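# Summary of structural features
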Amino acid sequence: MAWKEENNSLYKKFEFKNFSEAFAFMTRVALEAEKMDHHPLWKNVYNTLEIWLSTHDAGDIVTEKDKKLAAKIDKLS
């Protein structure tokens, strides 16, 4: 599934084998997000992770910063 732009954010849903794999992925994403000082809104339930990206400093809209983080997240998946 590709990132979908909706409600002024980029959205993508990821599914993993289990909670441990989902959490490990979240940890890898967190390290990249921290390097960029750009942090996602996300929701994790068992093996499912949903991520929304928008730039708060720009008024909660999608910016190039969100697109760059989305590309990094895709490389990690």
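For the structure itself, consult the block above.
Residues numbered from 1 in each chain as written. Predicted model: local features only at pLDDT ≥ 70, side-chain atom pairs only at ≥ 80, totals over all residues. Heavy atoms only, no water.

### Let's talk about the pattern of salt bridges
As a reminder of what qualifies: We count a salt bridge whenever a side-chain nitrogen from Lys or Arg sits within 4 Å of a carboxyl oxygen from Asp or Glu. Buried, partly exposed and exposed residues are distinguished by accessible area as a fraction of the type maximum, computed with a 1.4 Å probe on protein chains only: under 20%, between the cut-offs, and over 50%, respectively. Numbering of helices and strands runs from the N terminus, with a helix taken as a DSSP run of H or I at least four residues long and a strand as a DSSP run of E at least two residues long.
Counted according to the given criterion, the structure contains four salt bridges. In this structure, lysine 4 engages glutamate 6 in a salt bridge whose closest nitrogen and oxygen atoms are separated by 3.7 Å. Residue classification places lysine 4 among the partly exposed positions, given a relative accessible area of 44%. Of the charged contacts, one joins lysine 12 and aspartate 74 as a salt bridge, the two residues approaching to 2.7 Å between their closest N and O atoms. Of this pair, lysine 12 sits in strand 2 (residues 9–15) while aspartate 74 is found in helix 2 (residues 64–76), placing the two residues 62 residues apart along the sequence. Three or more residues are tied together by salt bridges with common partners; here these are Glu32, Lys35 and Lys72.

### Observations regarding the environment of serine 20
Looking at where serine 20 falls in the secondary structure, it is placed in helix 1 (residues 19–36). Taking relative accessible area as the criterion, serine 20 reaches 54% and is therefore assigned exposed. As a C-alpha pair, serine 20 and glutamate 6 span 14 residues in sequence and 29 Å in three-dimensional space.

### What about the nonpolar core?
What counts is decided by this rule: Working definition of a nonpolar core: buried Ala, Val, Leu, Ile, Met, Phe, Trp, Tyr and Cys residues. They are joined through side-chain atoms within 4.5 Å. A contact between two residues is defined here by any heavy atoms of the two lying within 4.5 Å.
If you look at the biggest cluster of nonpolar residues, it comprises 17 residues, and the most contacted ones within it are Trp3, Phe14, Phe25, Leu49, Ile51, Leu53 and Ile73. Elements that contribute at least two residues to this core include exactly strand 2, helix 1, strand 4 (48–53) and helix 2. At six residues, helix 1 tops the list of elements feeding residues into this core. Those residues within four positions of tryptophan 3 in sequence are excluded, and the remaining contacts are Leu10, Tyr11, Lys12, Phe14, Ile51, Leu53, Ala70, Ile73 and Asp74.

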